[in-house]
Protein chains: 2
Amino acid sequence: MSQAAPELIASNKCFDGWLKRYKHLSPATGTEMIFAIYLPPQAQTQPVPVLYWLSGLTCTDENFMQKAGAQRIAAELGIAIVAPDTSPRGTDLPGEHDSYDFGSAAGFYVNATQEPWSAHYNMYDYVTAELPALIEQHFPVTDKRAISGHSMGGHGALICALKNPGRYASVSAFAPITNPINCPWGEKALTGYLGEDRESWKAWDSCELIANAEEKLHLLVDQGEADDFLAEQLKPEALQAACEAANHPLELRLQPGYDHSYFFIASFIEDHLRHHAKALGVS
Amino acid sequence: MSQAAPELIASNKCFDGWLKRYKHLSPATGTEMIFAIYLPPQAQTQPVPVLYWLSGLTCTDENFMQKAGAQRIAAELGIAIVAPDTSPRGTDLPGEHDSYDFGSAAGFYVNATQEPWSAHYNMYDYVTAELPALIEQHFPVTDKRAISGHSMGGHGALICALKNPGRYASVSAFAPITNPINCPWGEKALTGYLGEDRESWKAWDSCELIANAEEKLHLLVDQGEADDFLAEQLKPEALQAACEAANHPLELRLQPGYDHSYFFIASFIEDHLRHHAKALGVS
């Protein structure tokens, strides 16, 4: 499906490459969407593979690009990074802007089935299909893709990879919500977007998806041990149990003293980029 | 002068060291002040030297620590970084919060002589004397100091070093306001803080100070060529002329395509930290 070129809204040179922000009309969400793309210097002369980064609750496309320090490593390795927004914007649905963990900036990377959310909150289609097609049409990139994210976006990265065998060369996550069907953040979001039928939630839960994963991509997951959300919301032990049961390769690294912040992400993003670079064939 | 211990208000592990924010009552400003300190892992076992970072207009202690990516290199080299705020806070002087380039977040690192600013806007004394004394009393650091900064803070770093021979082992700046007595930002700030007598401004202008500098520290200055403020406010050519006239060593690097943002700072901060590390004896 051919899409109109997105409109450039900002541009900054960074580590000899370019960080650019664009807006475009999204059929998936029925709204204007903003995304950021970092094009490393190598993209000036040849197509490069792409890492998709999915951010967490309250974020936009900007947090990761401003705080993670990833551009330095992407510039060395020759990987583009695309950071979408975390929800549709510009709508004003009932309650959409009332809480930090539902509605705006909290799309949870699902396709909503419940009114009024289903008209716009289709972030899964947006990040797995529409946005990659747009990027691959309009930017100097290959069709080699990796995916990563933080917290809600770590959940997003895991489910996007697990639900789409062959689409991503590699996946990783920082402090992911591993088991949204069994934690307060997930229960709130999935009830709102998908309704009360908890069976329908399982298609969006990485622990559930791992049991039947066709493709067993190595999962690299970093989790801070001083993360305030560890026990109640993130539950790395649930992911570990699901991977053990399904013999799914998991590299879960518990990092002593680290919290849920971007300072934690910045500390380990280089390891993740090198993990992806290897799978993308650019290490 | 012994000072009470500052009060910890936030703490994040970062690159195996700790980023901490503190507040304390400042005699120099007569207000509570907040600063950030990054303590690299080496500080857990031995005192480390300190780089003071002075931020630009609109910033707080947080911008540099969140956006520059400096902790990675500081952790490697074993350098602490201290980032003060850019003005007193919590006061409500006439017009103090009306513009981005005067008053709050725009202290310009001078000691004000004009009412009502002189009671609080003594950021020069704060960053050159009070804060280093506090840091050296309460943290595991040596008395080896370096100083750097961006824009208004680049001006601050240059004048702090030039006015205090022997106090800093090294100095650098990103896109500094080199000649505040001859640019709109500087003229507005210096008129407000120091009054109409332009002769009194010269003690706070790096181009003026270089003519009589007792100590000729090598100046490392990076300047983006696509910086929107280059011609009107920053004037690297004025610094270059002053250094040439005084035979003062200047390494002015004009960086094609780079703008005034933290993406520019992030791209070159490693060079600056290595410059300081050499002078601080930790490279």
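Residues numbered from 1 in each chain as written. Chains lettered and ligands numbered in written order. Predicted model: local features only at pLDDT ≥ 70, side-chain atom pairs only at ≥ 80, totals over all residues. Heavy atoms only, no water.

The name an unreviewed UniProt entry assigns to chain A is S-formylglutathione hydrolase, from the organism Marinobacterium stanieri. What UniProt states about chain A under its Function (unreviewed entry) heading is, verbatim, "Serine hydrolase involved in the detoxification of formaldehyde." (UniProt positions renumbered as here; feature names shortened; annotations may be inferred.)

(A) Broad picture of the pairing of strand S7 (residues 170–174) of chain B. Residues and elements named next belong to chain B. Across the five residues of S7, five count as buried, placing the element largely inside the fold. As paired elements, strand S6 (residues 141–149) and S7 share two bridges and run parallel to each other. Bridged to Ala146 within S7 is Ser170. Chirality of the crossover, the property in question, places the unit of S6, helix H4 (residues 152–163) and S7 among those that are right-handed. Where S7 and strand S8 (residues 219–224) come together, four bridges link them in parallel fashion. Residue pairing for S8: Val171 is matched across the bridge by Leu219. (Buried < 20%, exposed > 50% of the residue type's maximum accessible area, 1.4 Å probe, protein only. Helix = DSSP H or I, 4+ residues; strand = E, 2+ residues; numbered from the N terminus. Pairing = 2+ DSSP bridges. Right-handed = clockwise from strand over helix to strand, strands pointing away.)

(B) Geometry of the state of the cysteines. Residue and element names in this part refer to chain A. A full pass over the atoms with the stated rule returns zero disulfides over all chains. Free cysteine Cys243: the closest other cysteine sulfur is in Cys207, separated by 7.4 Å. By relative accessible area, Cys243 is classed as buried at 2%. (Disulfide = S-S within 2.5 Å.)

(C) Looking closely at the pattern of salt bridges. Going through the model one piece at a time under the given rule, you end up with 26 salt bridges over all chains. Residues A:Glu76 and A:Arg274 are paired through a salt bridge, measuring 2.9 Å at the closest nitrogen-oxygen approach. Taken together, the residues A:Glu76 in helix H2 (residues 70–77) and A:Arg274 in helix H9 (residues 262–280) connect sequence positions 198 residues apart. Across the pair B:Glu187 and B:Arg198 runs a salt bridge, and its minimum N-O distance is 3.0 Å. Of this pair, B:Glu187 sits in helix H5 (residues 184–194) while B:Arg198 sits in the loop between H5 and helix H6 (206–211); the two residues are 11 residues apart in sequence, bridging distant segments of the chain. What makes B:Arg198 partly exposed here is its relative accessible area of 43%. (Salt bridge = Lys/Arg side-chain N within 4 Å of Asp/Glu carboxyl O.)

(D) Expanded view of the interface of chain A and chain B. Of the residues lining the interface, 23 residues belong to chain A; the matching set on chain B comes to 22 residues. In this assembly, chain A packs against chain B so that about 1800 Å² is buried in total across both faces, 55% of it on carbon and sulfur atoms. Among the residues chain A hides against chain B, the three largest losses belong to A:Lys13, A:Gln66 and A:Phe263. Together they make up 35% of the total. Counting every contact that joins chain A to chain B gives eight residue pairs in polar contact (both at pLDDT 80 or more). (Contact = heavy atoms within 4.5 Å. Buried area = accessible area lost by both parts, 1.4 Å probe. Polar contact = N/O pair within 3.5 Å; in protein donor to acceptor, adjacent residues only side chain to side chain.)

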